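Given next are the chains, with one letter for each unit.
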Amino acid sequence: MLVRFQPDLPIFICMIIGILDSGIGGKTVLKEIKKLLPNEEYVYFADSKNCPYGTKTLPELEQIVSDGVEYLLDKGAEIVVLACNTATTQTIDYLRKKYPLVPFVGTEPAIKKACDESSDGAKILLLATEGTAHAERTRELVDLNKKPKQIIEIDACPGLARAIEDDNEAAIDKILAELNNTEKYETVILGCTHYPIIKEKIAQRFPGAKLIDGSVGVAKEVLRVYNELN
Ligand code: DGL
């Protein structure tokens, strides 16, 4: 807990919240958290050296994400937010066991929200990373939330997170152009925190589809954990 003395307020207590992503993607989550908790301190670990997380093996990812968590804890983080679908779907259980005293908040692909807000019979596309696409947790979320006639397809979008990280517009456009039958989807889930950064481009590629991302839900969960700790 950081205690500050200010002239007009005798004591101002503020919490340090740590945010972790493989790069700039987590800023889309941070923006929503700050709307709910504007007066806290934030430490943001952008692990662009190891971006993309989506192609890492599980042991590699566990090590990389643990290093990021250690960094945030060293900086005094009292809540650690994994602002990354790839890290969350694959490592959050491991991290909770390894750091039992640390309150973690994860970012899962917003499959529940997409299923709830789409018609039965809707075709839903999850734009993810390789890691998220193949994670057992993603399969569980589909099975738990899918309405009987909904069809959920998953595209791992190889290279897209890195292209966004590098602000490589030509690579982004090429990857989006390679997506097929984009007109058939009622709903598209932005299942990587990098993807809301190019939301307009994705919206153009999926005319008529509703785009869903989970950052507001993550922010609400951070607020809930924050209130529990205070
Ligand atoms: N932004 C991350 C996610 O939500 C990681 C992307 C990557 O590094 O592959 O999955």
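Residues numbered from 1 in each chain as written. Predicted model: local features only at pLDDT ≥ 70, side-chain atom pairs only at ≥ 80, totals over all residues. Heavy atoms only, no water.

Participant: Sorry, what's going on with helix α8 (residues 169-177) here?
Facilitator: What sets the pattern is the α-helix's 3.6 residues per turn: residues three or four places apart point alike. Burial in α8 covers these residues: Ile172, Ile175 and Leu176. Taken down its axis, α8 places every buried residue within 95° of arc, on the same side. The exposed set on the far side of α8, more than 90 degrees from its buried face, consists of Ala170, Lys174 and Ala177. In this structure, the buried side of α8 is in contact with α7 (160-165) and α9 (199-205). (Buried < 20%, exposed > 50% of the residue type's maximum accessible area, 1.4 Å probe, protein only. Helix = DSSP H or I, 4+ residues; strand = E, 2+ residues; numbered from the N terminus. Arc of directions from axis to C-beta. Contact = heavy atoms within 4.5 Å.)

Participant: What exactly am I supposed to notice about the side chain of Ser66 here?
Facilitator: Structurally, Ser66 is set in helix α2 (residues 58-74). The class of Ser66 is buried, set by a relative accessible area of 2%. There is a polar contact of 3.1 Å between the side chain of Ser66 and the side chain of Lys98. (Polar contact = N/O pair within 3.5 Å; in protein donor to acceptor, adjacent residues only side chain to side chain.)

Participant: In this structure, what is going on with the site of the ligand? I would like to understand it.
Facilitator: Around the ligand sit 14 residues in total, of which Ser22, Tyr53, Thr86, Thr193 and His194 are the nearest. At a separation of 2.7 Å, an oxygen atom of the ligand approaches a polar backbone atom of Tyr53. Separating an oxygen atom of the ligand from a side-chain N or O atom of Thr86 is a distance of 2.5 Å. Looking at the shell around the ligand residue by residue, the class counts come to six nonpolar, seven polar and one charged. (Near = heavy atom within 4 Å. Nonpolar A, V, L, I, M, F, W, Y, C, P; charged D, E, K, R; others polar.)

Participant: Quick question: what am I supposed to make of the packing of aromatic side chains here?
Facilitator: Given two aromatic rings, one states the distance between the centres and the angle between the planes to describe the pair. Evaluated as defined, the whole model comprises three aromatic pairs. Ring geometry for Phe45 and Tyr71: centres 4.9 Å apart, planes at 40°, overall tilted. One end of the pair, Phe45, is in strand β4 (residues 41-46); the other, Tyr71, is in helix α2, with 26 residues separating them in the sequence. Exposure remark for Tyr71: the relative accessible area of 34% places this residue in the partly exposed category. With a centroid separation of 6.3 Å and 55° between ring planes, the pair formed by Tyr99 and Phe104 is classed as tilted. Relative accessible area serves as the criterion here: at 9%, Tyr99 is assigned to the buried category. (Phe/Tyr/Trp six-rings, centres within 6.5 Å; stacked < 30°, edge-to-face > 60°.)

Participant: Sorry, what's going on with the nonpolar core here?
Facilitator: If you look at the biggest cluster of nonpolar residues, it comprises 21 residues, and the most contacted ones within it are Leu127, Leu160, Val188, Tyr195, Ile202 and Phe206. Breaking this core down by element, the ones donating at least two residues are β7 (123-127), α7, α8 and β9 (187-190). A per-element tally of this core places α7 first, with four residues. Non-local contacts of Leu160, meaning those with residues more than four positions away in its chain, are made with Ile172, Ile175, Leu176, Tyr195 and Ile198. Counting residues in each nonpolar core, the second largest holds 20 residues, with Ile16, Val43, Ala77 and Val80 among its members. (Core = buried A, V, L, I, M, F, W, Y, C linked by side-chain atoms within 4.5 Å.)

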